[in-house]
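Residue-level listing of the chains:
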Amino acid sequence: MSEIIVPSPADFHVHLRQGKMATLVTPHVRNGGFSLAYVMPNLKPPVTTTAQALAYKAELESIDSSVEYLMTLYLSPDLTPEEVVKAKEAGIAGVKSYPRGVTTNSDGGIESYEMYYPVFEAMQRVDMVLNLHGEVPSDAKTNTHILNAEPKFLTHLHALHKAFPRLRIVLEHATTRAAVDAVKACGPTVACTITAHHLELTVDDWAGQSFNFCKPVAKYPDDREALRQVIRDGHPRFFLGSDSAPHPVHSKSTSTPTQGCAAGIYTSPILLPLVAHLLESFDALDKLEGFVSTFGRCFYRRELSAENTSNVVLRKIDGHVVEGKYGADEESVVPFWAGKEINWKIVTN
Ligand SMILES: [Zn+2]
């Protein structure tokens, strides 16, 4: 196989930031082969209202209007059932929940889910998607840390699914075999995104290497194998959400005894060729279309018709070296795989 045609790839989890950073990274969605971006709301301040989400969408469209942006709200005590109805009417697709303090800009995140049941009830009724950052905060008293934070979260997933069986839920950026098994065990309303980088990295790759550091952290080789296998299986409730998360190069590369490096891996500019390269490396290239286009679009009810499909053509090449960085000065970002070779490139986008 030397050429692959992929219909309208969709990235169901991406961080496009604000201001200068948004101007730099938003066009990379399209450059990376994607025509739909499911946009995360963890800005400063977080996107908590319909009005904010629509203003953010307009900002993104003014940067690159060739991409369809699906917007989300940040789950917080300010979100009411009334606002959920308003958001749905305005075309906002989902609500993202961050446990407090576990990742970038999550200081306003949730501590317990029960208080949000009226909001989830409204979401179930109007059919909005709940996107879960599936980690519990670290806590020495219960031996909770970044390596078991995701497995420990899965009881919340099951409880939410049981309480709201018709609520569509996405467990975001799964990194463990336990998470894959948990999502498989749920009904058709529960799906799961997988990033490109978690198909490659394990614990050994980020310990001591800040550019491979993200939350949730990459886990053990057996966990990575579970992510790869569910893609090989062509399971329709597992699809790409890149969690592409740009941070200025200085916040990634400069850690001090009192200031750690930022968590996040940036894949947008190389995303489709990278995913093809990785899937080929573990014999899943024939599942590329399902993983990056059909499965997620089906779950989110953004199916393609003849009129709205734009085909992206990938060609096999000998090895294309990934850029060392994008942008200049303070705002530059270093992509995942920088300086390494990818064996696929986009020839029609
Ligand atoms: Zn994310």
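The rules behind each value
- Residues numbered from 1 in each chain as written.
- Predicted model: local features only at pLDDT ≥ 70, side-chain atom pairs only at ≥ 80, totals over all residues.
- Core = buried A, V, L, I, M, F, W, Y, C linked by C-beta atoms within 7 Å.
- Buried ≥ 20, exposed ≤ 12 C-beta atoms within 10 Å, placed from the backbone.
- Helix = DSSP H or I, 4+ residues; strand = E, 2+ residues; numbered from the N terminus.
- Contact = placed C-beta atoms within 7 Å.
- Pairing = 2+ DSSP bridges.
- Axes fitted to C-alpha atoms, helices over the stretch in contact; angles between N-to-C directions.
- Right-handed = clockwise from strand over helix to strand, strands pointing away.
- Arc of directions from axis to C-beta.

**Let's talk about the nonpolar core**
Part 1: One finds Ala-37, Val-39, Leu-171, Val-183, Cys-192, Leu-272 and Val-275 to be the most contacted residues of the largest nonpolar core, which totals 102 residues.
Part 2: For this core, the element with the most residues is helix H10 (residues 271-281), which contributes 7 residues.
Part 3: Non-local contacts of Val-39, meaning those with residues more than four positions away in its chain, are made with Val-14, Leu-16, Leu-60, Tyr-69, Leu-70, Met-71 and Thr-72.

**Concerning the sheet that holds strand E11 (residues 311-321)**
Part 1: The strand order E1-E11-E12 describes an open sheet built from 3 strands, whose pairing is antiparallel. The sheet is open, and its two borders are formed by strand E1 (3-7) and strand E12 (341-348), each paired with just one other strand. Averaged over all pairs of adjacent strands, the angle between their axes in this sheet comes to 40 degrees, without regard to strand direction.
Part 2: Summarising the sheet, E11 and E12 pair through 6 bridges and their orientation is antiparallel.

**Things to note about the pairing of strand E6 (residues 94-97)**
Successive side chains on a regular strand alternate, one facing one side of the sheet and the next facing the other.
Part 1: Residues Gly-94 and Lys-96 point to one face of E6 and Val-95 and Ser-97 to the other, with burial holding for every one of them.
Part 2: By the bridge criterion, 3 bridges tie strand E5 (residues 72-74) to E6 in an arrangement that is parallel. Residue Leu-73 lies in a different strand from E6, and its bridge partner there is Val-95.
Part 3: The β-α-β motif built from E5, the intervening helix H3 (residues 81-89) and the parallel element E6 has right-handed crossover chirality.
Part 4: In terms of strand pairing, E6 meets strand E7 (residues 129-133) through 4 bridges, oriented parallel.

**Observations concerning helix H6 (residues 177-185)**
Part 1: Those residues of H6 that fall on the buried side of the exposure criterion are Ala-179, Val-180, Ala-182 and Val-183. One side of H6 holds all its buried residues, which, seen down the axis, span an arc of 165 degrees.
Part 2: Where the residues of H6 are buried, they touch helix H5 (149-163), strand E8 (169-172), strand E9 (190-194) and helix H8 (221-232).

**Describing the sheet that holds strand E3 (residues 36-39)**
Part 1: With parallel pairing, the 3 strands of this open sheet are ordered in space as E2-E3-E4. The two strands at the open ends of the sheet, each matched to only one other strand, are strand E2 (10-14) and strand E4 (68-70). Within the sheet, the average angular offset between the axes of one strand and its neighbour, ignoring direction, is 20 degrees.
Part 2: Looking at chain direction, E2 and E3 are connected through 3 bridges and run parallel. Residue pairing in the sheet places Ala-10 in a bridge with Leu-36 of E3.

**Digging into the pairing of E3**
Part 1: The side-chain alternation of E3 yields two buried faces, one formed by Leu-36 and Tyr-38 and the other by Ala-37 and Val-39.
Part 2: Considered for its hand, the β-α-β crossover made up of E2, helix H1 (residues 19-31) and E3 is right-handed.
Part 3: Alignment of E3 against E4, held across 3 bridges, turns out to be parallel. In the strand pairing of E4, Ala-37 is matched with Tyr-69.
Part 4: As a crossover connection, the stretch from E3 through helix H2 (residues 50-63) into E4 is right-handed.

**So, the environment of Glu-114**
Part 1: Residue position: Glu-114 is located in the loop between E6 and helix H4 (117-126).
Part 2: Its 8 C-beta neighbours within 10 Å are what place Glu-114 among the exposed residues.
Part 3: Here the alpha-carbon distance between Glu-114 and Val-39, two residues 75 residues apart in the chain, equals 26 Å.

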